[in-house]
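# Chain and residue survey
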Amino acid sequence: MPNVKNFFEYHPSQLLRGNSWSEGSLEAHIYPVFFPVMLTVLMALPPPDPQFVLRGTSAPVHTLHFSCGGPEPNIPLLFSGSENGFIHVWNLKTHRVDRALDGHGRKSVYCVETMGGKDRLLSQGRDQRICLWDLAEGRTSVTDSVFTEHVGFCRCSLLKVAQGRWLMAMAARSLEEVQILELPSKTSVCTLKPEVGAKLGMPMCLKLWQVYKTHELVNAGISDITLRPDKKILATAGWDHRIRIFGWKKLKPLAVLDYHTATVHCVSFSDHSTPRDRLLAAGSRDQRISVWSIYAQT
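Let us look at the structure shown here. It should be emphasised that the depicted structure is a prediction, and the values quoted were computed from it without experimental measurement. (Residues numbered from 1 in each chain as written. Predicted model: local features only at pLDDT ≥ 70, side-chain atom pairs only at ≥ 80, totals over all residues. Heavy atoms only, no water.)

### Regarding the pattern of salt bridges
As a reminder, the rule being used: We define a salt bridge as a contact between a side-chain nitrogen of Lys or Arg and a carboxyl oxygen of Asp or Glu at a distance within 4 Å. When accessible area is computed with a 1.4 Å probe and restricted to protein chains, residues below 20% of their type maximum are described as buried, those above 50% as exposed, and intermediate ones as partly exposed.
The tally for this structure, following the rule as stated, stands at 13 salt bridges. Note that aspartate 102 and arginine 106 form a salt bridge whose closest N and O atoms lie 2.9 Å from each other. In this structure, arginine 228 engages aspartate 230 in a salt bridge whose closest nitrogen and oxygen atoms are separated by 2.9 Å. The exposure class assigned to arginine 228 is buried, which follows from its relative accessible area of 2%.

### A closer look at the packing of aromatic side chains
For clarity, the threshold we go by: Here a pair means two rings of Phe, Tyr or Trp (six-membered ring of Trp) with centres within 6.5 Å. Their orientation is stacked below 30 degrees between planes, edge-to-face above 60, and tilted elsewhere. To qualify as a helix, a DSSP run of H or I must reach at least 4 residues; to qualify as a strand, a run of E must reach at least 2; elements of each kind are numbered from the N terminus. Either the NZ atom of lysine or the CZ atom of arginine qualifies as a charge over a ring when it sits within 6 Å of the ring centre and within 35 degrees of the ring normal.
Throughout the structure, instances matching the rule amount to one aromatic pair. Pairing tyrosine 110 with phenylalanine 153 gives two aromatic rings, centres 6.1 Å apart and planes at 55°, and the pair type is tilted. Of this pair, tyrosine 110 sits in strand β8 (residues 109-114) while phenylalanine 153 sits in the loop between β11 (141-147) and β12 (157-162), and the two are 43 residues apart along the sequence. Over the aromatic face of phenylalanine 153 sits the side chain of arginine 126, whose NZ or CZ is 4.1 Å from the ring centroid.

### As for a nonpolar patch on the surface
Rule in force here: A residue counts toward a patch only above 30% relative accessible area and without a salt bridge, and it is joined to like-charged neighbours within 9 Å or, for Val, Leu, Ile, Met, Phe, Trp and Tyr, to nonpolar neighbours within 5 Å. Using a 1.4 Å probe, accessible areas were evaluated by the Shrake-Rupley method; residue-level cover was limited to the displayed protein chains.
The grouping of Val151, Leu175, Met202 and Met204 at the surface amounts to a nonpolar patch, some 390 Å² of accessible area in total. Mapped onto the elements, valine 151 comes out in the loop between β11 and β12. Residue class for valine 151 comes out exposed when judged on its relative accessible area of 53%.

### Some remarks on the pairing of strand β10 (residues 129-134)
We count it as follows: The rule for pairing is simple: two strands pair if DSSP sees at least two bridges between them.
In terms of residue burial, β10 counts as a mostly covered element, since five of its six residues are buried. In terms of strand pairing, strand β9 (residues 120-125) meets β10 through five bridges, oriented antiparallel. Within β10, the position partnered with serine 123 by the bridge is cysteine 131. Linkage of β9 to β10, two consecutive antiparallel strands, is achieved through a turn of three residues, within which glutamine 128 is found at a positive phi near 65°. Across six bridges, the pairing between β10 and β11 is antiparallel. Its bridge partner lying in β11, arginine 129 is registered against phenylalanine 147.

### Considering a positive patch on the surface
As a reminder of what qualifies: Counting rule for charge: Lys and Arg are taken as positive, Asp and Glu as negative, and neither His nor the chain ends is counted. Charge placement uses NZ in Lys and CZ in Arg. For Asp and Glu, CG and CD serve respectively.
A contiguous patch of positive charge on the surface is contributed by Lys232, Lys249, Lys250 and Lys252. Note that lysine 232 resides in the loop between β16 (222-227) and β17 (233-238).

### Things to note about the sheet that holds β16
Basically, it comes down to this: Angles run from 0 to 180 degrees between N-to-C directions of axes, and those axes are lines fitted to C-alpha atoms, restricted for helices to the stretch in contact.
The sheet built from four strands is open, its strands ordered β16-β17-β18-β19 with antiparallel pairing. Of all strands in the sheet, those with a lone pairing partner are β16 and β19 (253-258), marking the two edges. If you compare each strand with its neighbour and ignore which way they point, the axes differ by 20° on average. Examined bridge by bridge, strand β18 (residues 242-247) and β19 share five bridges and lie antiparallel to one another. When the bridges of β19 are listed, arginine 242 appears paired with aspartate 258.

### A word on the environment of lysine 232
Using a relative accessible area of 46% as the deciding quantity, one classes lysine 232 as partly exposed. For the pair formed by lysine 232 and tyrosine 295, sequence separation is 63 residues and the distance between their alpha carbons is 9.8 Å.

### A few points about the environment of serine 67
Note the following rule: Residues are treated as being in contact if the distance between any of their heavy atoms lies within 4.5 Å.
By the secondary structure assignment, serine 67 is in strand β4 (residues 61-67). When the C-alpha atoms of serine 67 and aspartate 119 are compared, they prove to be 9.9 Å apart, with 52 residues separating the residues in sequence. The residues contacting serine 67, other than those within four sequence positions of it, are Ile75, Pro76, Leu77, Phe79, Thr114, Lys118 and Asp271.

Limitation: the analysis is restricted to geometry and does not speak to function.
Next up, the structure:
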């Protein structure tokens, strides 16, 4: 007798016709048989939508900074700096602008950061000035400023060294140098210069922090990088309009957030004390600020 198994070497839904055999008084026929086939398609889950989107800057957004860590009933805020020179103070409960600050002569603002609380703000603009703001009790005044003499887009960087004292790194007048100042006294601490003969070019990005490790990212064209305060999640702002999320320990890619229609200039994690309230904000050339709740419990 032929081996019946040979008839089913191919897909079980194949139609088999006219196959029969006999041996003595035993005769067998094979008739068409249809087997239902279940196909399971495994597809990647689509990226989430923003939790909400802030509109109304009337210009591309270049920098973002959260101030959400205070106890209740403090209102969580998001500061944004735009190409038209305005700093908007967003109320994250109403999703509206509480105040608009104008201190850079309508020149692009590309760095904002609070100093020890939401009542003291530092901002940097294309007018070559770094401004210190007093926002307490509704005030909106510039109390001091530093003239940078640098014409590029390199953001300054702050590092708190003691209560009420910070170190600030900024690109110096010479194209290849970095100057370190102590604030609020504005005392020069040192100037970092390249080695003799080295041609490093103009500084494009500065960050005062302790080096933990280095890693080369695959996707070129990154405008900004931010690390969540708990040092678990890293986010990048891409020239390709996307926000990418990585695990910090191994820099494993976790998600790609695709919402914006133009270059993403900046990303910032909130400093909420409660993990479930954590937010990620991204500002883009498309004049929108997308706000995300992602990996909040991680």
